[in-house]
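# Commentary on secondary and tertiary structure
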Amino acid sequence: MCMGIEDWGPGQGRLSRRRFIGAGLAAALSAATFGRPNSSGADTLPQAGGPSTPRILALTGATLYPAPDVPSIARGVVVLKDKTIQAVGTPEDVSIPADAQILDCTGLTVMAGFWNCHVHFSRWQGADTLPALQLGRALSAMLTRYGFVRVVDTGSRLSNTRYLRRRIASGEVSGPLILTAGSGFAPSGGSPYYIQPARVPELIDSTGAATLVDQNLDEGAEVIKLYSGSWSSPDSMVLMPPDVIRAATKTAHDRGALVLAHPSNSAGAKAAIDGGVDILAHTFPSPSSGPWDRSLAAQMTGEGVGLIPTLKLWSYEVRRLSLPSLVGDRARENAAAQVSAFADCRGQLLFGTDVGYMSDFYPTDEYVLMKQAGLSFEQILAALTTGPAARFGRAAHSGRVVVGMDAELVVVEGSPKRDIAALARVRYVVREGRIVFDGK
Ligand SMILES: [Zn+2]
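Since this is a predicted model, take the numbers as computed values, not measurements. (Residues numbered from 1 in each chain as written. Predicted model: local features only at pLDDT ≥ 70, side-chain atom pairs only at ≥ 80, totals over all residues.)

What follows concerns the overall build of the chain. On a plain count of helices and strands, the chain comes out with 12 helices and 19 strands. Long-range contacts, defined here as pairs at least 24 residues apart, represent 76% of the contacts in the chain between residues at least 6 apart. (Helix = DSSP H or I, 4+ residues; strand = E, 2+ residues; numbered from the N terminus. Contact = placed C-beta atoms within 7 Å.)

Moving on to the sheet that holds strand β14 (residues 259–262). Judged by pairing direction, the sheet is parallel, and its four strands sit side by side in the order β11-β14-β15-β16 without closing on themselves. Looking at which strands have only one partner, the edges of the open sheet turn out to be β11 (224–227) and β16 (306–307). Note: strand β15 (residues 279–280) against β16, two bridges, orientation parallel. Across the sheet, the residue bridging to I279 is G306, located in β16. (Pairing = 2+ DSSP bridges.)

Listed as buried for helix α10 (residues 364–372) are E366, Y367, L369 and M370. Buried residues of α10, seen end-on, are gathered within an arc of 170 degrees and therefore sit on one face of the element. On the buried face of α10, the contacting elements are α8 (311–320), α9 (325–344) and α11 (377–384). Following α10 by one or two positions, G374 has its phi on the positive side, about 110 degrees. (Buried ≥ 20, exposed ≤ 12 C-beta atoms within 10 Å, placed from the backbone. Arc of directions from axis to C-beta.)

Where α8 contacts α10, the two axes come as close as 8 Å, and the packing angle between them is 115 degrees. The orientation of α8 relative to α10 falls into the category roughly perpendicular. In this structure, α8 meets α10 at a crossing whose hand is right-handed. Contacts from L311, K312 and S315 in α8 reach D365, E366, L369 and M370 in α10. (Axes fitted to C-alpha atoms, helices over the stretch in contact; angles between N-to-C directions. Parallel < 35°, antiparallel > 145°, perpendicular 65-115°, else oblique. Left-handed = near helix turned anticlockwise from the far one by under 90°.)

A few words on the nonpolar core. In this structure, L59, V78, V110 and A248 are the most contacted members of the largest nonpolar core, which totals 138 residues. Element by element, the count of residues in this core is highest for α9, at seven residues. Each of domain 1 (5–37 + 114–391) and domain 2 (56–112 + 400–438) contributes no fewer than three residues to this core. Residues contacting A248, with those up to four places away along its chain left out, are F185, L203, A209, V213, I224, L226 and V259. (Core = buried A, V, L, I, M, F, W, Y, C linked by C-beta atoms within 7 Å. Domains from an automatic or database assignment.)

Taken together, the four bridges between strand β12 (residues 229–233) and strand β13 (residues 236–239) define a ladder with antiparallel strand orientation. Note on β13: the bridge partner recorded for S233 is S236.

A word on the pairing of strand β1 (residues 56–64). Where burial is concerned, most of β1 is hidden: seven out of the nine residues are buried. When β1 meets strand β2 (residues 73–81), the two strands line up antiparallel, connected through six bridges. Within β2, the position partnered with L57 by the bridge is L80. Sheet analysis places β1 next to strand β4 (residues 101–104), joined by four bridges and oriented parallel. Counted as the bridge partner of A58 is I102 from β4. Bridging between β1 and strand β5 (residues 108–112) involves two bridges; their strand directions are parallel. Following the sheet pairing, L64 is matched in β5 by V110.

Close contact between helix α6 (residues 266–274) and helix α7 (residues 296–303) brings their axes to 11 Å; oriented N to C, the two are set at 20 degrees. In terms of orientation, α6 and α7 fall into the roughly parallel class. Once α6 is placed against α7, the crossing between them reads as left-handed. Of α7, the residues touching α6 (which contributes S266, A269, K270 and I273) are L296, Q299, M300 and E303. Along the lines of polarity and charge, the residues of the contact of α6 with α7 split into four nonpolar, two polar and two charged. (Nonpolar A, V, L, I, M, F, W, Y, C, P; charged D, E, K, R; others polar.)

Turning our attention to the sheet that holds strand β8 (residues 177–180). Across the sheet, which stays open at both edges, the three strands sit in the order β6-β7-β8 with parallel pairing between neighbours. Only two strands of the sheet have a single partner each, and these edge strands are β6 (114–119) and β8. Between one strand axis and the next, the sheet turns by 20 degrees as a mean value, whatever way the strands run. Contacts from helix α3 (residues 158–169) reach β7 (148–153) and β8 within the one sheet, and its direction differs from that of β8 by about 155 degrees.

With that settled, the discussion passes to the environment of A422. Inspection of the secondary structure assignment puts A422 in the loop between β17 (409–413) and β18 (426–431). Between the C-alpha atom of A422 and that of T109, which follows or precedes it by 313 residues, the distance is 9.2 Å. Beyond its immediate stretch of four places on either side in the chain, A422 contacts V412, E413, G414, S415 and P416.

Let us look at α6. With seven of nine residues buried, α6 lies mostly within the body of the structure. Three or more residues of α6 are buried, namely S266, G268, A269, K270, A271, A272 and I273. Just downstream of α6 lies G276, where phi reads positive at about 90 degrees.

This paragraph deals with unusual backbone geometry. Phi at S322 is positive, roughly 50 degrees, even though this residue is not glycine. Summarising the element assignment, S322 is placed in the loop between α8 and α9.

Quick look at the confidence of the model for the chain now. Summing up the model confidence of the chain, the mean pLDDT is 87 and the portion of residues at 70 or higher is 88%. Within the model, the stretch residues 1–51 combines pLDDT values under 50 with 135 contacts to residues more than four positions away or in other chains. (pLDDT = per-residue confidence, 0-100.)

Tracing the chain through its elements places R137 in helix α2 (residues 132–142). Judged by local crowding, R137 falls into the buried class, with 23 C-beta atoms found within 10 Å. Put simply, R137 and S174 are 37 residues apart on the chain and 8.2 Å apart in space, counted from C-alpha to C-alpha.

Set out below in structure tokens:
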């Protein structure tokens, strides 16, 4: 019999370093620690906009990237009216309305708003009662100030995240648009040991899997997260059976929901791909399971499975756990090789960092590691914008700076094409036509 979603209960899953090391790097996944939102660095107050905010905003003078697959525009102009992009082009192409607020972006670079496809609100509690300002500050510190206007939460308490999502959607709280998976589901006997005493609900058989996935979607989740491979103890990996993955995936797909999988290693990745999932939520670089299966990159692209690299996560875990440097080096090499092989097969990369599990919110390292893995600026920008927008069915609203799209933009200092770290040097973030972060 399957456990209920409510079994993913509060708890502080702390483990000794030795136990983590025993699991290799497989431990790096959805966090299940709870507490107050981490507000470190939340000293910049997001500007949600008020009655005085002009209805028309014009950004001028920037190098503008309308999308990764089209040429940039020097001294680009973008006019936003209310929540929609009204005009895009050169100063000669676009006439700026007289009543527009002008935002001089000379020397800056303008791109579509970013997605982070792997975040967690699992540390957040009290989203129904905490003051809007406090929530907005915490959201800015973790996400908004880095340009993330849309995020995919791959593991949290659904009831709490629903409040957060609702208060953001109503405009009361300044933050990104959230798609959430709720709790996620583990294989039978495979709730990750390292989040104990918290437990992820388990899918025991295909019938129960369909029921719980239905229930999760009924309760407000938009995507489903499966642990296709999960460490139930430091030295015991549990794979989700193919028929269970297929039942969960079919149920989700019948309702228009995507399925993300946490693979842990090559066997977990293969189980997920064979089971029909849509996205792997991580690379799977742990050297503890032997060499990774290099045939998976082609299989993934053949099946249309997307990949969220979470490259920084592996370095973060190695540092946090003081793992031997050789283990860390091998993990980083494996992860980079997986991304490179996947990109060579023209697979769909989706940007994601596992922030919220990681208490280090800076995305710079992720950009640098993606570049070092061989990705171009355009590929990284696609992973931040057009890729997720298409994969999550929002391409008509998000991902491109094009007339008629939602008015969400990221403005950074300098040229990310020349220096990829510039993607994290965010000057302004615009969401729903309003400046929600001003880094001046
Ligand atoms: Zn995660």
